[in-house]
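Topology and contacts: notes
Chain residues, written in single-letter form:
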Amino acid sequence: MGQRKDVRIELGAITQHNIKQLKRLNQYIFPVSYNDKFYKDVLEVGELAKLAFFNDVVVGAVCCRVDVHDGVRRLYIMTLGCLAPYRRQGLGTVLLKHIFQICESDGKFRSIFLHVQINNDSAINFYKHFGFEIVETKESYYKRIQPSDAYVLEKKL
Amino acid sequence: MPTSQPLPPKEKNLFNRILKCYEQKQYRNGLKFAKQILSNPKFSEHGETLAMKGLTLNCTGKKEEAYELVKRGLKNDLKSHVCWHVYGLLQRSDKKYDEAIKCYRNALRWDKDNLHILRDLSMLQVHMRDLEGYRETRYKLLQLKPGQRASWIGYAISNHLLKDYTVAFKVLEEFGKTQQSQDAPYELGELLLYQNNVLREAENYQEALNHLEENKSKIVDKQFWLETKADLLLSLGKETEAEKIITDLLYRNPENHRYYQQLEAVLKPENEEERLQVYESVARVFPKADSPQLLPLTFTTGEKFKQLVDKLMRHQLKRGVPPLYTSLKPLYKDPAKVKVIEGLMEGYIENLEKSSKFAESDTTDEPPTTLLWARFYMAQHFDALKQHEKALNIIEQSLEHTPTLIELHAMKAKILKHLGDTAGAMASMDEAQSLDTADRFINCKCASYMIRNGMISEAEETASKFTRENVSVEEYLREMQCMWYEIECATSYAKSGQYGNALKKCHEVDRHFTEIIEDQFDFHQYCMRKMTLRAYVKMLKLEDSLRSHSFYFQAARIAIQVYLHLHDEPYKAGGGVTNDQDATMSSAELKKLRNKQRRQERKKAAAEEKRKQEQEKSGKRSRQQQQKNQKNEDEADAKKDVEFDPEKLASVADPLEQATKFLVPLQLHCSKRFDTHLFAFQIAERRGKLLVMLRSLLRCDELADAGDRAELHVCKVRFAKKVRDANGVASAVSDVISQFMPKLFGDVEIENFNLKFLEESKKSLLHLFAGCRSMHHLDNGRKEQATDMLLRYDDGPDNIPTLQTCEAILDSLKQKEFGELAEATMLQIREKFRAWHPRACVFAAAPEPVEEEPVLNGIDEHSNETQESGDSAVKTSKPHRKSEVSDQKNNNNNHSAETSALIENHCSHGD
């Protein structure tokens, strides 16, 4: 999924002025809807949430948060995706590498983890390609979509 | 000093302090000193002190008292130049410039060499374009103060403006000798260029060229130097030399279209091939420049055109250049070119959809944005060709592809607007706006679409995102002279019968133009000091024709139409605003309108309240500041503009007089426009001025295009009837009229004239309606026949009347063009229009009145979103989005079941 020479992929900040673009993206990309708190928090996390521009058009985004549980500090990817026509153009790689870079310069994350619907093969393959592994299956994780089970994918750092 | 009331030293001293306070704007102190002099019974009638007290009071906003005091002062001391000067200043501040000039002249009678007064006089003279007087005064100043550079320059300018180029040049020449370039190189350069300008206007091209060469090293604006030289060489026919300069210029900036025109003028290519080579030679040096690629498209034809436009479009689509359509728009005059473009574009889209390539034979894949921009182009293309539904389809498809692209939402809004769906257009523009709330352009667009949809208070709310806090939006935009906004509001108010408010906005626009003309005063002195003389003279010329601007035309049009309406149906005070509308509206519509008005009032009251509270909060702090700095406060009092009162404007006693005031500048500056003379006719008709009607009609006849012919016909018939019905017309008048009648009507009776027109207008509803109106005007018993003709209009697919025509007809019927019409007839007509324009809001059946806040897509979304919580995010989205979103949701579910699906992962917010 290498990036082509004749296209520009850039990441940009999410601000109160363009947050609606993130909302529209999420509505189109994900079968799950997010509440106000999600969008409020996104404005606070700085580099952990980014819009992806493909040739100057907003087509994708990543949103993460820091997860501390039992004293273990991990990075949780809440959403990562792009609009259907822009898949397989290298956007996911750019977004994910951005996350890796954050973890590298921070240096204190134990791992990165996320949830994927169990039938979403392309997503699973994508993450496996970058060293993620299925570590757990959560039954009935999703409330409104079928199948409702989710894998937990994790990459140790 | 020739005053008849000299003061003793102590009082004299106090008086000088008054003058000083006035200059430093310390008005309170000035008044204090004045009181000290006047309280002495010996000097209580001292003329100059009274005058100065008056002038000071004028600056604190007490105009009437000021006039009284200044006049009293003058009466007591008629020989004082101070009193006359003060009276002049007072008149000037009141914009009575002619009076002020008289006063200054009187003042100079008593003190003929007073520099201060001479300078003030000269400024008024140039402001009023009393150029002879201006030259005289500047000459006097030059004699008195030959050491000042303003004296020289002022005298030169006065000669230049009077087209006395020789004197102007000589004065500048003399003055230039005293200037050293190292002091202020830019200023000297400007002076020389101005001097050159004088030579060129005098058409002394050879001399101008020599002058330019001699001073090359001293002129800083190199580009202008080159441009001027090229112009001069061309004027002198020295083409070989000109070619070199123009090529130099093109190398400086290959995007200036004028250089290409000049290059062509020099090289004189004989055919398309040679002409193309001119551009190709530049393109070889500047492969990235747009102009050498774009300009040949205007003259090439056939295969060559196709090849060039193909290359350009592919390149720009690939790069993602949103205004590609704007660049190609000039080509749309040629249907053959439009066809070529459409064919190519359709080919691209088909292939891009199939295989991500422009053509099957291509080897490289295009990025997804190429298809996006190609579709965006096609939507604009079909919209321009008035195939709006097709355009809408494409834009919907694109939005499915990339819902985050703001341009697409804005384009959708534009297409819906063209289809008459003002509500849908507004919703789309609001969506566009909400996607980037830091974009002022889209914010303005959104506000404008809201006004078009009759929602002015919502528009204010939207605009408020970019206006200053603590100031109402209306006030702020007025201060900023934001005229498009005021014109949109005026249009909307006029449409909904709120004539007072409409007039208020028109007068505000008119006042902006007056203000801009007033603002000249700031430059008369400044430009001479700063030596920006080229710009100064250009500004003077601009101000002379300022009201030729289209903003003025638009405001004047609305104002005149409203005043004509107010003449026909005088405004009834109180609830009168909607009275004349009530009769023509169904009860449901009426209820709706009332509800809307009530809502708007409530909102306005709430906003007002909020503003007051905020002002009070911040007011405390600022008041302290103001006390420290009381002169500011004094000034603020005086500066406050008088607000126009809608009620008063709507109930003027002389609407025709008012309309004429708006008409005069149009006659002066827009005499080539049909509408100008149409308005003149309409005003004259109501005044019964037959000769003015005739004159306007003849001008209309000369200027009318095919569309104007409809209105022209109505005017002709009305004129003929008026002439026929008129009694006791002076024989001189009727002689003139009968001389021109054959020119206007041939030799037929009006009835037959109209019948012939009706016969010829079967294929245009616009003209047919004009015929019907005329028929009804000639015999108002034929109302049924008139409406019948409208309803029987043959609506072949090529003759569908435009949205504007239908809207105008409906409006005119509501205004009782045919008197009272049966509700059923109105309904029939409305239905007929709706069949042609199914999406247009104006022809939609009135919905049931809504008691609660309306569910108006875009608007309420904001408030909803701030309240929504938890899972409701999707549910509370506006209705039509909801279905889109849930469709998308299904798609995605299917998708995720397939292998071709996406990189995505989900989390639930519960986690």
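Remember, predicted model here, so these are calculated numbers, not experimental data. (Residues numbered from 1 in each chain as written. Chains lettered and ligands numbered in written order. Predicted model: local features only at pLDDT ≥ 70, side-chain atom pairs only at ≥ 80, totals over all residues. Heavy atoms only, no water.)

1. Some thoughts on the overall build of chain A
If you tally the helices and strands in chain A, you get 4 helices and 7 strands. When the helices and strands of chain A are placed in sequence order, the string is β-α-α-β-β-β-α-β-α-β-β. Over its C-alpha atoms chain A spans a radius of gyration of 15 Å, differing by no more than 12% from the 15 Å that the globule rule assigns to 157 residues. Its C-alpha atoms give chain A principal-axis dimensions of about 40 × 35 × 35 Å. (Helix = DSSP H or I, 4+ residues; strand = E, 2+ residues; numbered from the N terminus. Rg over C-alpha atoms; globule rule 2.2 N^0.38 Å.)

2. Examining the overall build of chain B
Summing up its helical and strand segments, chain B has 50 helices and 0 strands in all. Relative to its full complement of 911 residues, chain B shows a buried share of 48%. Considering only contacts within chain B whose residues lie at least 6 apart along the sequence, 62% involve residues at least 24 apart. For chain B, the accessible area works out to roughly 45400 Å², and carbon and sulfur atoms hold 50% of it. (Buried < 20%, exposed > 50% of the residue type's maximum accessible area, 1.4 Å probe, protein only. Contact = heavy atoms within 4.5 Å. Areas by Shrake-Rupley, 256 points an atom, 1.4 Å probe, with all protein chains shown as cover.)

3. Considering the environment of B:Arg478
Residues and elements named next belong to chain B. Relative to the elements of secondary structure, Arg478 occurs in helix H28 (residues 473–479). The class for Arg478 is buried, based on a relative accessible area of 14%. With 27 residues separating them along the chain, Arg478 and Lys505 place their C-alpha atoms 9.3 Å apart. Setting aside residues up to four positions removed in sequence, Arg478 forms contacts with Glu486, Glu508, His512 and Glu643. Here Glu508 takes part through its side chain, which lies 3.1 Å from a polar atom of the side chain of Arg478. (Polar contact = N/O pair within 3.5 Å; in protein donor to acceptor, adjacent residues only side chain to side chain.)

4. So, the domain arrangement of chain B
Domain annotation for chain B reports domain 1 (1–112) and domain 2 (748–846 + 896–911). For domain 1 of chain B versus domain 2 of chain B, the distance between C-alpha centres works out to 66 Å. (Domains from an automatic or database assignment.)

5. Some remarks on the UniProt feature "domain: N-acetyltransferase" (unreviewed entry) in chain A
The feature "domain: N-acetyltransferase" (unreviewed entry), as given by UniProt, occupies residues 9–157 of chain A in the numbering adopted here. Taken end to end, residues 9–157 of chain A comprises 29% helix and 37% strand; its first and last C-alpha atoms sit 26 Å apart. (UniProt positions renumbered as here; feature names shortened; annotations may be inferred.)

6. So, the sheet that holds strand E2 (residues 49–54) of chain A
Strand pairing in a sheet relies on backbone hydrogen bonds, with the paired strands running either antiparallel or parallel. Residues and elements named next belong to chain A. The mixed open sheet is built from 7 strands, whose spatial order is E1-E2-E3-E4-E5-E7-E6. Every other strand in the sheet has two partners, leaving strand E1 (9–13) and strand E6 (133–138) as the edge strands with one partner each. The mean inter-strand angle of the sheet, taken between neighbouring strand axes irrespective of direction, is 30°. Pairing analysis gives 10 bridges linking strand E3 (residues 57–69) to strand E4 (residues 72–82), with the strands arranged antiparallel. Opposite Gly60, over in E4, you have Cys82 as the bridge partner. Where helix H1 (residues 19–29) meets the sheet, its contacts fall on E2, E3 and E4, and the angle it forms with E3 comes to roughly 90°. Along the sheet, helix H3 (residues 91–106) contacts E1, E2, E3, E4, strand E5 (111–117) and strand E7 (150–156); its crossing angle with E4, the most-contacted strand, is approximately 165°. (Pairing = 2+ DSSP bridges. Axes fitted to C-alpha atoms, helices over the stretch in contact; angles between N-to-C directions.)

7. Section: the pattern of salt bridges
All names here are of chain A. Counted under the stated rule, the structure contains 64 salt bridges over all chains. The closest approach of N and O atoms between Arg73 and Asp106, which form a salt bridge, is 3.0 Å. In this pair, Arg73 sits in strand E4 while Asp106 sits in helix H3, placing the two residues 33 residues apart along the sequence. In this structure Arg73 comes out as partly exposed when scored by relative accessible area, which is 27%. (Salt bridge = Lys/Arg side-chain N within 4 Å of Asp/Glu carboxyl O.)

8. Overview of the environment of B:Tyr325
Residues and elements named next belong to chain B. Positionally, Tyr325 belongs in helix H20 (residues 324–328). Look at Tyr325 and you get buried, because its relative accessible area is 10%. Not counting chain neighbours up to four residues away, the residues in contact with Tyr325 comprise Tyr332, Tyr377, Gln380, His381 and Ala384.

9. Some remarks on the packing of aromatic side chains
Per the counting criterion, the structure on display carries 29 aromatic pairs over all chains. Measuring from centroid to centroid gives 5.6 Å for B:Tyr279 and B:Phe299, while their planes differ by 45°, and the two rings are tilted. Of this pair, B:Tyr279 sits in helix H16 (residues 272–285) while B:Phe299 sits in helix H18 (residues 296–299), and the two are 20 residues apart along the sequence. For B:Phe299, a relative accessible area of 11% gives the class buried. In this structure an aromatic cluster arises from ring pairing among A:Phe100, A:Phe126, A:Tyr127, A:Phe130 and A:Phe132. A cation over a ring is seen here: A:Arg73 above A:Phe109, with NZ or CZ 4.3 Å from the ring centre. Between the NZ or CZ atom of A:Arg74 and the centre of the ring of A:Phe113, over which it lies, the distance is 3.8 Å. (Phe/Tyr/Trp six-rings, centres within 6.5 Å; stacked < 30°, edge-to-face > 60°. Lys NZ or Arg CZ within 6 Å of the ring centre and 35° of its normal.)

10. Topic: the side chain of B:Glu474
Residue and element names in this part refer to chain B. For Glu474, the location among the structural elements is in helix H28. At a separation of 3.4 Å, a polar atom in the side chain of Glu474 contacts the side chain of Lys504. The residues contacting Glu474, other than those within four sequence positions of it, are Glu460, Lys504 and Lys505.

11. As for the packing of helix H26 (residues 440–452) of chain B against helix H29 (residues 483–495) of chain B
Residues and elements named next belong to chain B. Relative orientation of the contacting elements H26 and H29 amounts to 15°, with a least axis distance of 9 Å. Judged by the inter-axis angle, H26 sits roughly parallel to H29. By crossing handedness, the relation of H26 to H29 is classed as right-handed. The segment H26 lies against H29, with Cys444, Ala447, Ser448, Ile451 and Arg452 engaging Trp484, Tyr485, Glu488, Cys489 and Ser492. Across the contact of H26 with H29, the residue classes break down as 6 nonpolar, 2 polar and 2 charged. (Parallel < 35°, antiparallel > 145°, perpendicular 65-115°, else oblique. Left-handed = near helix turned anticlockwise from the far one by under 90°. Nonpolar A, V, L, I, M, F, W, Y, C, P; charged D, E, K, R; others polar.)

12. A closer look at the pairing of E7(A)
Residue and element names in this part refer to chain A. With respect to burial, E7 is a largely interior element, 5 of its 7 residues being buried. Of the pairings in the sheet, the one linking E5 to E7 comprises 7 bridges and is antiparallel in character. Residue pairing for E7: Gln117 is matched across the bridge by Ala150. Relative to E7, E6 is paired through 5 bridges, and the arrangement is antiparallel. Of the residues in E7, the one forming a bridge with Ile134 is Leu153.

13. Focus: the UniProt feature "coiled-coil region" (unreviewed entry) in chain B
Mapped onto this numbering, the UniProt entry annotates "coiled-coil region" (unreviewed entry) at residues 195–222 of chain B. For residues 195–222 of chain B, the end-to-end C-alpha separation is 16 Å, with 64% helix and 0% strand making up the annotated structure.

14. Considering a negative patch on the surface
Residues and elements named next belong to chain B. Where like charges cluster on the molecular surface, the negative patch consists of Glu270, Glu272, Glu273, Glu274 and Glu280. The residue Glu280 is located in helix H16 in this model. Judged by its relative accessible area of 30%, Glu280 falls in the partly exposed class. (Patch = residues over 30% accessible without salt bridge, like charges linked within 9 Å, V, L, I, M, F, W, Y side chains within 5 Å. Lys, Arg positive; Asp, Glu negative; His and termini not counted. Charge placed at Lys NZ, Arg CZ, Asp CG, Glu CD.)

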